[in-house]
Amino acid sequence: RKEVEQDPGPFNVPEGATVAFNCTYSNSASQSFFWYRQDCRKEPKLLMSVYSSGNEDGRFTAQLNRASQYISLLIRDSKLSDSATYLCVVNGIFGNEKLTFGTGTRLTIIP
Amino acid sequence: NAGVTQTPKFRILKIGQSMTLQCTQDMNHNYMYWYRQDPGMGLKLIYYSVGAGITDKGEVPNGYNVSRSTTEDFPLRLELAAPSQTSVYFCASTLAGTVETQYFGPGTRLLVL
């Protein structure tokens, strides 16, 4: 079983819609959780951290369920500029200095 | 601040050749990392370093070597290139205690034929 699993998509969503991505992780001892965004042929960049209490940043909401080992990202009122690959990232699987990346979920927003 | 810079941007190697991928950061970060990303896949950690003179293996270190003689530089060496090493290589850096906020370079695309 992969340490971090994501639905690869692609998700093709009309502009203005709400879209949600899910991610599961295998190691219950994992410490912290994040979403990174990667544009086509570019480097990944941190989008937001994920907390048990939930974390909201504008149109983006991230949620963690430790009991189910499940992380989610919700994007409301999607924009064309949201088209990217979203990487689920976990810290603490192989030590606290390292991040483990999921394979990513590709999102395309359709005008 | 240039951030994290990587050279070259793109390279074609023949099987058995060797090369060094360069990575430099000017943010005085103590932690540095090398990842590879195969098409449609997530990033896999090759090697990492928590400071000058200290390096350690990641998930996929075979076929690679690193050194960290200065805080700024973290070169990745491929000794005998193989087609399986065709990938995009990303270098990243961060400060201790802020592992989640890794700053990535623009990547090096390597094709081994």
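Residues numbered from 1 in each chain as written. Chains lettered and ligands numbered in written order. Predicted model: local features only at pLDDT ≥ 70, side-chain atom pairs only at ≥ 80, totals over all residues. Heavy atoms only, no water.

Visitor: Please provide a residue-by-residue account of the sheet that holds strand β8 (residues 76–78) of chain B, values included.
Guide: Residues and elements named next belong to chain B. Judged by pairing direction, the sheet is antiparallel, and its 4 strands sit side by side in the order β1-β3-β8-β7 without closing on themselves. Of all strands in the sheet, those with a lone pairing partner are β1 (4–7) and β7 (64–66), marking the two edges. The mean inter-strand angle of the sheet, taken between neighbouring strand axes irrespective of direction, is 20°. Judged from the 3 bridges that link them, β7 and β8 form a sheet pairing that is antiparallel. Bridge pairing links Asn65 to Arg77 in β8. (Pairing = 2+ DSSP bridges. Helix = DSSP H or I, 4+ residues; strand = E, 2+ residues; numbered from the N terminus. Axes fitted to C-alpha atoms, helices over the stretch in contact; angles between N-to-C directions.)

Visitor: Any chance you could break down the nonpolar core for me, citing the residues and the numbers?
Guide: Counting residues in each nonpolar core, the largest one holds 23 residues, and the members touching the most others are Phe21, Trp35, Ile71, Leu73, Ile75, Tyr86 and Leu107 of chain A. Those elements that provide at least two residues to this core are β3 (19–25), β4 (32–38), β5 (44–50), β7 (60–65), β8 (70–75), β9 (84–91) and β11 (105–110) of chain A. (Core = buried A, V, L, I, M, F, W, Y, C linked by side-chain atoms within 4.5 Å. Buried < 20%, exposed > 50% of the residue type's maximum accessible area, 1.4 Å probe, protein only.)

Visitor: Please provide a residue-by-residue account of the interface of chain A and chain B, values included.
Guide: Taken residue by residue, the interface counts 18 residues in chain A and 21 residues in chain B. Taken over both partners, the interface formed by chain A and chain B buries close to 1600 Å², and the fraction arising from carbon and sulfur atoms is 59%. Linking chain A to chain B there are 0 salt bridges. At the boundary of chain A and chain B, one finds 4 residue pairs in polar contact (both at pLDDT 80 or more). Breaking the side of chain A that touches chain B down by element, the ones donating at least two residues are β4, β5, β9 and β10 (99–101) of chain A. The element contributing the most residues to the side of chain A that touches chain B is β4 of chain A, with 3 residues. (Contact = heavy atoms within 4.5 Å. Buried area = accessible area lost by both parts, 1.4 Å probe. Salt bridge = Lys/Arg side-chain N within 4 Å of Asp/Glu carboxyl O. Polar contact = N/O pair within 3.5 Å; in protein donor to acceptor, adjacent residues only side chain to side chain.)

Visitor: Please provide a residue-by-residue account of the sheet that holds β3 of chain A, values included.
Guide: All names here are of chain A. Overall, antiparallel pairing links the 5 strands, which are arranged β1-β3-β8-β7-β6 in an open sheet. Strands at the two margins of the open sheet, each flanked by one partner only, are β1 (4–6) and β6 (55–57). Neighbouring strand axes in the sheet, compared pairwise and without regard to direction, differ in orientation by 15° on average. Bridge analysis of β6 against β7 gives 3 bridges, and the strand direction is antiparallel.

Visitor: Could you give an account of the pairing of β11 of chain A, naming the residues involved and the relevant values?
Guide: Residue and element names in this part refer to chain A. Only one face of β11 is buried, namely the one carrying Thr105, Leu107 and Ile109, since none of Arg106, Thr108 and Ile110 on the opposite face is buried. Here 4 bridges tie strand β2 (residues 11–14) to β11, and the two strands are oriented parallel to one another. When the sheet's bridge partners are listed, Pro14 is paired in β11 with Ile110. Pairing of β9 with β11 involves 3 bridges; the strand directions are antiparallel. Considered in β11, the bridge of Ala84 is made with Leu107.

Visitor: Tell me about the pairing of β4 of chain A, and please be specific about residues and values.
Guide: Residue and element names in this part refer to chain A. Extensive coverage of β4 is indicated by the burial of 6 of its 7 residues. With 7 bridges connecting them, β4 and β9 associate as antiparallel partners. Bridge pairing in β9 links Arg37 to Tyr86. In this structure, β4 lies alongside β5, joined through 6 bridges in antiparallel fashion. Looking at the pairing, Phe33 lines up with Val50 of β5.

Visitor: Explain the environment of Gln102 of chain B to me, and be specific about the residues and the numbers.
Guide: The residue Gln102 of chain B is located in the loop between β9 (87–94) and β10 (103–104) in this model. For Gln102 of chain B and Lys14 of chain B, which are 88 residues apart along the polypeptide, the C-alpha to C-alpha distance reads 32 Å. The residues contacting Gln102 of chain B, other than those within four sequence positions of it, are Tyr36 and Leu99 of chain A together with Tyr33, Tyr35, Ala92, Ser93 and Thr94 of chain B.

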